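The residues making up each chain are set out below.
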Amino acid sequence: MSTITSARERAGQNFKEGYNCAEAILRAFRDMLDLELSDAAIRIASGSSPL
């Protein structure tokens, strides 16, 4: 499976779990690249409520 396909599938699953588009993508790349981003940082970066 290619990296692009894997990222697409992870983002799609995150979206199905209720995250908005930007948050779903950020979460997918955070998990794939092992980035040190907290859930609050992702919510802020994606325009979602931090709480």
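Just above sits the structure.
What comes next is a walk through the structure. (Residues numbered from 1 in each chain as written. Predicted model: local features only at pLDDT ≥ 70, side-chain atom pairs only at ≥ 80, totals over all residues. Heavy atoms only, no water.)

### Some thoughts on unusual backbone geometry
Positive phi values are uncommon outside glycine, yet Asp-34 reaches one of about 55 degrees. Of the residues examined, Asp-34 reaches a relative accessible area of 67% and is grouped as exposed. (Buried < 20%, exposed > 50% of the residue type's maximum accessible area, 1.4 Å probe, protein only.)

### Topic: the packing of helix α1 (residues 3-16) against helix α2 (residues 21-33)
The contact between α1 and α2 brings their axes to 8 Å, and the two run at 130 degrees. Here α1 is positioned oblique relative to α2, judged by the angle of their axes. The handedness of the crossing between α1 and α2 comes out as right-handed. Two secondary-structure elements touch here, α1 through Thr-3, Ser-6, Ala-7, Arg-10, Ala-11, Asn-14 and Phe-15 and α2 through Cys-21, Ala-24, Ile-25, Arg-27, Ala-28, Phe-29, Asp-31 and Met-32. Among the residues forming the contact of α1 with α2, the class breakdown is 9 nonpolar, 3 polar and 3 charged. (Axes fitted to C-alpha atoms, helices over the stretch in contact; angles between N-to-C directions. Helix = DSSP H or I, 4+ residues; strand = E, 2+ residues; numbered from the N terminus. Parallel < 35°, antiparallel > 145°, perpendicular 65-115°, else oblique. Left-handed = near helix turned anticlockwise from the far one by under 90°. Contact = heavy atoms within 4.5 Å. Nonpolar A, V, L, I, M, F, W, Y, C, P; charged D, E, K, R; others polar.)

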